[in-house]
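Okay, here's what each chain looks like letter by letter:
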Amino acid sequence: MSFVGSMRAYPEYKFVQKCLLEIEDKLGWGNSSSWHNDVFIELSETIQQNTHVLLSPTTLKRVWGRINYASAPSISTLNTLSQFAGYVNWRDFKNKAKTKKPSWLAQKVTANIGVIVGSAALMTLVFISLYSMIGRSKPQVIDAEDIQFTSQPITEGLPNSVVFDFNLKSIKSDSILIQQFWDKTKTIRIRNNQQEQATGIYYYPGYFRSKLLVDGEIIKEHDLFIKSYGWLGTIDYKPVPKYFDSTNLSLHTTILKEIANSTEYIGSSYHFVKDFGDVSGDYINVQSSVQNLYRDKWAVCQRFRIVILGTQGALSIPFSIPGCVSDIGLMLNERYWSGKEHDLSAFGIDISTPRDIGISINNKQVHITVDHKVIFKDYYKQSIGKFVGIRYRFLGAGEIVNLNIKDINGISILSK
C-alpha cells in the first residue's frame, strides 16, 4: 500500500493499516498502490452494499493515504471498515488484533532468538563479501517507446471479448498485469512466456482506460471503447449480468417478476454508449421522466442514479425516497458529496409516479431540476471530455418514460 507521510501521525495508525490489509485480502483486487479513482468509487459502492453505510471515495482515499490528510479517520469510518472486514465494530477489530496468538513459526523464532541473531550476523558477513565480489545489480530499465500495447474488440454488442496485443520481450518480471477495469475479473495476469497476446471480457459498455502494469508501475495505457449498439438493458447480477430487450426503456412482466422474487439486493440498468463525435460532455442538457416499477422489500428506498459518461470522467446523480438520502452520494467528476456528510435531502423524491428530471451542464456548471424546479447547482473543475453515453441504474426496477439529450447548440442527439 502507498501512504502519505502525514497519515502516520495518529496513535492508531498501525491498527488501521492492519484493517486495510485485511480488506485488500478480502477483495482480491491487487495491491492498493495501483488502485485508480474508479476502484475507490466501486469500493465505496461495495462497502455500502455490505454494511448499508456510505463511505465516499474521497474518505476512502484519505484512509488509504492517497490524499494528504493529517487527521485520524472518524470512529464511524473505522466502525464501517471493521464491519466490512468481518468484525462487529472497530473495538472488536482492535481487541482481536491485540489478542491474536503468535503463529507456531513466531513462537519458535522467539524461543531461539539468540541462535537466530548469531546466524544472521554470520550470514550478513557472507552476503557482504559476495556482494562486493559480484557488484551491484542494475535495476531493469523499461523504455515505454519500445513497448507495444493495443487492443481490439472482436465483436459488436455485449458481452464482448477484447484482444490485447503487446510486445514484452524486453521485460523480465513475475508481475505483469493488464488492468481492464477495477475488479479482479478484469485484471489479466501475463505469464513470462506469454509475449504477444491476451484476451479479456467486458460485460458492460463504457469508455475504459486499459493499463499495462509491470511490478505495480503503469508502463503504457490506452483508451478502449465498448459500445452498446443502441439501448442495452441489464439485470445486474454479479459477476455476469443478464441482458434483456430494452427498446422501450421499460421491463417486461417476466423480468419484473424475476426481480421481485429475488431475496437479495439486485439492480437493473439501461445503457446507451456510442461515439457521438465531438459533442462535449461539459455542454449538454439531459431531460428525462423516470418512474419506479418495484419498491417492496429490499427496494423500498427506490434508489436510482443517472450516470453521464465522458471520455475523461463521469457525473453520477443519485435519488431516493426522502427517508433514505443518508445512503446516497453525488459525484461530479472529481467532486463528491456524501449523504452522511452533506444535506442531500433535495434528492429525496418519490418516483412511484413519473418525475421530470433535468441535468443541465454548461461549461462544467451543473443545474439539476425535479419537475422543473432547481434542487441543486454546483460545478466541477476537470473536464469529462467528449460525451459518450448515459446510464440509468435502479435498485430493483424502473423505466424511462421519455428522454431528450441536447448538445451545446440545442440540437437533439438522443431521444425517446
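Nothing here was measured: the structure is a model prediction, and the numbers come from that model. (Residues numbered from 1 in each chain as written. Predicted model: local features only at pLDDT ≥ 70, side-chain atom pairs only at ≥ 80, totals over all residues. Heavy atoms only, no water.)

1. A few points about the overall build of the protein
When helices and strands are tallied, the protein shows eight helices and 21 strands. Of the contacts made within the protein by residues no fewer than 6 positions apart, 64% connect residues no fewer than 24 positions apart. When the accessible surface of the protein is totalled, it reaches about 21,300 Å², and 52% of it is carbon and sulfur. (Helix = DSSP H or I, 4+ residues; strand = E, 2+ residues; numbered from the N terminus. Contact = heavy atoms within 4.5 Å. Areas by Shrake-Rupley, 256 points an atom, 1.4 Å probe, with all protein chains shown as cover.)

2. A look at the state of the cysteines
Evaluated as defined, the whole model comprises one disulfide. Paired by a disulfide, cysteine 301 and cysteine 324 hold their sulfur atoms 2.0 Å apart. For the disulfide bridge between cysteine 301 and cysteine 324, the dihedral angle about the S-S bond is near -65 degrees, and by the sign convention the bridge is left-handed. One end of the pair, cysteine 301, is in the loop between β11 (283-294) and β12 (304-310); the other, cysteine 324, is in the loop between β13 (314-319) and β14 (329-332), and 23 residues separate them in sequence. Taking the relative accessible area as the measure of exposure, cysteine 324 reaches 12% and is therefore buried. (Disulfide = S-S within 2.5 Å. Buried < 20%, exposed > 50% of the residue type's maximum accessible area, 1.4 Å probe, protein only.)

3. Looking at the pattern of salt bridges
Under the criterion given, the structure shown has eleven salt bridges. Salt-bridge contacts for arginine 393 lead to aspartate 236; the nearest nitrogen and oxygen are separated by 3.3 Å. Of this pair, arginine 393 sits in strand β19 (residues 387-395) while aspartate 236 sits in the loop between β8 (232-235) and β9 (242-244), and the two are 157 residues apart along the sequence. Residue arginine 393 is classed as partly exposed on the basis of its relative accessible area, which comes to 27%. (Salt bridge = Lys/Arg side-chain N within 4 Å of Asp/Glu carboxyl O.)

4. Let's talk about the confidence of the model for the protein
Of the residues in the protein, 86% reach a pLDDT of 70 or more, and the chain-wide mean stands at 86. Scored below 50 in pLDDT, residues 1-7 makes 30 contacts in the model with residues more than four places away or belonging to other chains. (pLDDT = per-residue confidence, 0-100.)

5. Some remarks on the packing of aromatic side chains
Counted by the stated rule, this structure contains 22 aromatic pairs. Here tyrosine 202 and phenylalanine 208 contribute two aromatic rings whose centre-to-centre distance is 4.9 Å and whose plane-to-plane angle is 40 degrees, an arrangement assigned as tilted. We note that tyrosine 202, like phenylalanine 208, is buried. Here the aromatic cluster, defined as three or more aromatic residues joined through ring pairs, consists of Phe244, Tyr270, Phe304, Phe319, Trp337, Phe347, Phe376 and Phe394. A cation over a ring is seen here: arginine 393 above tyrosine 204, with NZ or CZ 5.5 Å from the ring centre. (Phe/Tyr/Trp six-rings, centres within 6.5 Å; stacked < 30°, edge-to-face > 60°. Lys NZ or Arg CZ within 6 Å of the ring centre and 35° of its normal.)

6. Considerations on the pairing of strand β20 (residues 397-406)
Inspection of the sheet shows β11 paired to β20 by nine bridges, in the antiparallel sense. When the bridges of β20 are listed, serine 288 appears paired with leucine 403. Of the strand pairs in this sheet, β20 and strand β21 (residues 412-415) are connected by three bridges, and their pairing is antiparallel. Directly across from asparagine 404, in β21, lies its bridge partner serine 415. Count of turn residues in the β20/β21 antiparallel hairpin: five residues, of which glycine 410 carries a positive phi of about 80 degrees. (Pairing = 2+ DSSP bridges.)

7. Comments concerning the sheet that holds strand β2 (residues 160-167)
Spatially, three strands are ordered β1-β2-β5 in an open sheet, and the strand pairing comes out antiparallel. Two strands lie at the open edges of the sheet, namely β1 (148-153) and β5 (197-202), each paired on one side alone. Each strand axis lies, on average, 25 degrees off the axis of its neighbour in the sheet, ignoring direction. In the sheet, β1 pairs with β2 via six bridges, with the strands oriented antiparallel. (Axes fitted to C-alpha atoms, helices over the stretch in contact; angles between N-to-C directions.)

8. Topic: the environment of alanine 260
Mapped onto the elements of the fold, alanine 260 is located in helix α8 (residues 253-260). Accessibility expressed as a relative area gives 23% for alanine 260, which makes it partly exposed. C-alpha separation for the pair alanine 260 and alanine 299, spaced 39 residues apart in sequence, amounts to 9.2 Å. Alanine 260 has contacts with Tyr294 and Lys297, leaving out every residue within four places of it along the chain.

9. Brief notes about unusual backbone geometry
Omega for the peptide link from leucine 158 to proline 159 comes to -5 degrees, which places this bond in the cis form. A cis geometry characterises the amide bond from lysine 238 onward to proline 239, with omega recorded as 5 degrees. Among the secondary structure elements, proline 239 is positioned in the loop between β8 and β9. Phi angles above zero are rare outside glycine, and lysine 364 is one such case at about 70 degrees. Relative to the helices and strands, lysine 364 resides in the loop between β16 (355-362) and β17 (365-370). Residues other than glycine seldom take positive phi values, yet aspartate 371 does so here, at roughly 55 degrees. The residue aspartate 371 is located in the loop between β17 and β18 (373-379) in this model.

10. Let's talk about the environment of lysine 377
Within the secondary structure layout, lysine 377 lies in strand β18. Apart from the residues lying within four places of it in its own chain, the contact partners of lysine 377 are Val366 and His367.

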